[in-house]
Amino acid sequence: MSPSSPDAGARREPDVDDALAALCRLADVKARRLRHVLGDWQPVLDGRRAACRRCGRLVFVRTEGNLGGAAGPALTEPCDR
């Protein structure tokens, strides 16, 4: 699933999809700096989740109202594989 794809069966507003897509791109860049190779982004409640294909560490992105962010060990810990 691409970062900008709407969740199956759940329609989101375009600005939410755009914000999530931008957060996914930023999280991917930061994870790559730590040598992670993120897999496909999966929909989760209010956001998206991806795992490193090598070590399995996760990253989450989420938006709520005008707030948004990214978190997870793939953004703070280097890939050890």
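See above for the structure.
Everything in this summary refers to the structure shown in the same document. (Residues numbered from 1 in each chain as written. Predicted model: local features only at pLDDT ≥ 70, side-chain atom pairs only at ≥ 80, totals over all residues. Heavy atoms only, no water.)

## Thoughts on the state of the cysteines
Stage number 1. For the structure shown, the criterion picks out 0 disulfides.
Stage number 2. With no disulfide partner, Cys79 has as its closest neighbouring cysteine sulfur the one in Cys52, 3.9 Å distant.
Stage number 3. The class for Cys79 is buried, based on a relative accessible area of 3%. (Disulfide = S-S within 2.5 Å. Buried < 20%, exposed > 50% of the residue type's maximum accessible area, 1.4 Å probe, protein only.)

## A closer look at the pattern of salt bridges
Stage number 1. What the rule picks out here adds up to 6 salt bridges.
Stage number 2. Put simply, Arg57 and Asp80 hold a salt bridge, and the shortest N to O gap is 3.5 Å. With Arg57 in the loop between strand 2 (47-51) and strand 3 (58-64) and Asp80 in the segment after strand 4 (67-71), the pair connects residues that are 23 residues apart, well separated along the chain.
Stage number 3. Overall, Asp80 belongs to the exposed group, its relative accessible area being 54%.
Stage number 4. Taken together, the shared-partner salt bridges in this structure form one network comprising Asp46, Arg62 and Glu64. (Salt bridge = Lys/Arg side-chain N within 4 Å of Asp/Glu carboxyl O. Helix = DSSP H or I, 4+ residues; strand = E, 2+ residues; numbered from the N terminus.)

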